[in-house]
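Residues per chain, in single letters:
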Amino acid sequence: MLGWQTLYQTCLECKRCPLGQNRNNMVFGEGNLQADLMFIGEAPGRDEDMTGHPFVGRAGQLLDKALLALELTRQEHYYITNICKCRPQNNRVPLEEEAQLCLPFLRNQFALIKPRIIVCLGATAMKYVIDREARISKIRGQWRECKGVHMMATFHPAALLRDENKKRVFWEDLKQVKHKYVELTGEK
Ligand code: URA
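Residues numbered from 1 in each chain as written. Predicted model: local features only at pLDDT ≥ 70, side-chain atom pairs only at ≥ 80, totals over all residues. Heavy atoms only, no water.

Chemist: When you look at the overall build of the chain in this model, what are you seeing that I'm missing?
Modeler: Helices and strands together make up the secondary structure of the chain, namely 9 helices and 6 strands. On C-alpha atoms alone, the chain measures out to a radius of gyration of 15 Å, which is about the 16 Å that the 2.2 N^0.38 rule sets for 188 residues. Dimensions of the chain, computed from the C-alpha atoms along their principal axes, are close to 40 × 35 × 30 Å. Looking at the chain residue by residue over its 188 residues, the buried ones come to 51%. (Helix = DSSP H or I, 4+ residues; strand = E, 2+ residues; numbered from the N terminus. Rg over C-alpha atoms; globule rule 2.2 N^0.38 Å. Buried < 20%, exposed > 50% of the residue type's maximum accessible area, 1.4 Å probe, protein only.)

Structure follows, in structure tokens:
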């Protein structure tokens, strides 16, 4: 397992797949490095690629706003990253090979942070972290526990921008996340 600095540097220099050659910025992840809560998305979009920060575009702002309403912030309560650290062109879904080559970085981040709750945002994160075969519409909002880590998938915030009807269940899922957070940490 690499420490934070070496891991960051390794990601920065990574050219294992073509995504590393076409990016403007590698998007490592950010938030509290000792967080009990970790959010995992798919891959950086245009705004993230331009800035080097995860979830800063419209979808990210929507997520931040919802979490802020639950008094959960990046600085204090959670860490947020993606399956792939570089942007696939035109925001296509990362290829299996790209995801597999990038996953060791995510596993290393997980091992350093040791979160007690993982929330997968969307089908790609769900596929590589929780269940390869599941459908997001079927398993979203359901908790699974593995070695003391509680995992849930919910819709990707970008899906809410395309379909307003998903907002209500997304909000219900995030409330469950807050509830679990309070239950496990004792923090309000
Ligand atoms: N979508 C993602 O999955 N990740 C980001 O960082 C931004 C948009």
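Chemist: Honestly, the packing of helix α1 (residues 4-13) against helix α5 (residues 96-113) in this entry has me stumped. Any pointers?
Modeler: Helix packing geometry: the angle between the two helix axes and the distance between the axes. Where α1 meets α5, the axes come as close as 11 Å, and the angle between the chain directions of the two elements is 165 degrees. Considering the angle they form, α1 stands roughly antiparallel to α5. By crossing handedness, the relation of α1 to α5 is classed as left-handed. Contacts from W4, L7, T10 and C11 in α1 reach F105, N108, Q109, L112 and I113 in α5. Looking at side-chain class alone, the contact of α1 with α5 contains 6 nonpolar, 3 polar and no charged residues. (Axes fitted to C-alpha atoms, helices over the stretch in contact; angles between N-to-C directions. Parallel < 35°, antiparallel > 145°, perpendicular 65-115°, else oblique. Left-handed = near helix turned anticlockwise from the far one by under 90°. Contact = heavy atoms within 4.5 Å. Nonpolar A, V, L, I, M, F, W, Y, C, P; charged D, E, K, R; others polar.)

Chemist: Hey, could you run me through the sheet that holds strand β4 (residues 117-121) in this one?
Modeler: Hydrogen bonds between backbone atoms are what pair the strands of a sheet, whose relative direction is either parallel or antiparallel. Spatial ordering of the open sheet is given by β1-β3-β2-β4-β6-β5, a layout of 6 strands whose pairing is mixed. Among the strands making up the open sheet, the edge pair consists of β1 (30-31) and β5 (144-146). As paired strands, β1 and strand β3 (residues 78-82) are joined by 2 bridges and run antiparallel to one another. Bridged to E30 within β3 is I80. (Pairing = 2+ DSSP bridges.)

Chemist: Would you explain the layout of surface pockets in this entry?
Modeler: By rolling a water-sized probe across the atoms, one finds the places where empty space is left. Here the largest pocket is characterised by a volume of approximately 670 Å³. The wall of the largest pocket is formed by 29 residues, among which A59, N91, H156, A158 and R162 lie closest to the centre. Of all elements in the fold, only α3 (46-51), α4 (58-69), α6 (123-129) and α8 (157-162) reach the threshold of two or more residues within the lining of the largest pocket. By residue number, the principal contributor to the lining of the largest pocket is α8, which donates 4 residues. In terms of residue class, the lining of the largest pocket is made up of 13 nonpolar, 8 polar and 8 charged. For the second largest pocket, the calculated volume is near 310 Å³. Lining the second largest pocket, in full, are I40, L103, L106, R107, F110, I118, Y128, V129, C146, K147, V149 and M151. Of all the elements in the fold, those that place two or more residues in the lining of the second largest pocket are α5, α6 and β6 (149-154). Per-element accounting of the lining of the second largest pocket gives the leading share, 4 residues, to α5. Split into classes, the residues belonging to the lining of the second largest pocket amount to 10 nonpolar, no polar and 2 charged. (1 Å grid on protein atoms, 1.4 Å probe; cavity = no way out; pocket = protein on both sides within 12 Å on 5 of 7 lines; lining within 4 Å. Points joined across faces, edges and corners; volume = space filled by probe spheres on them.)

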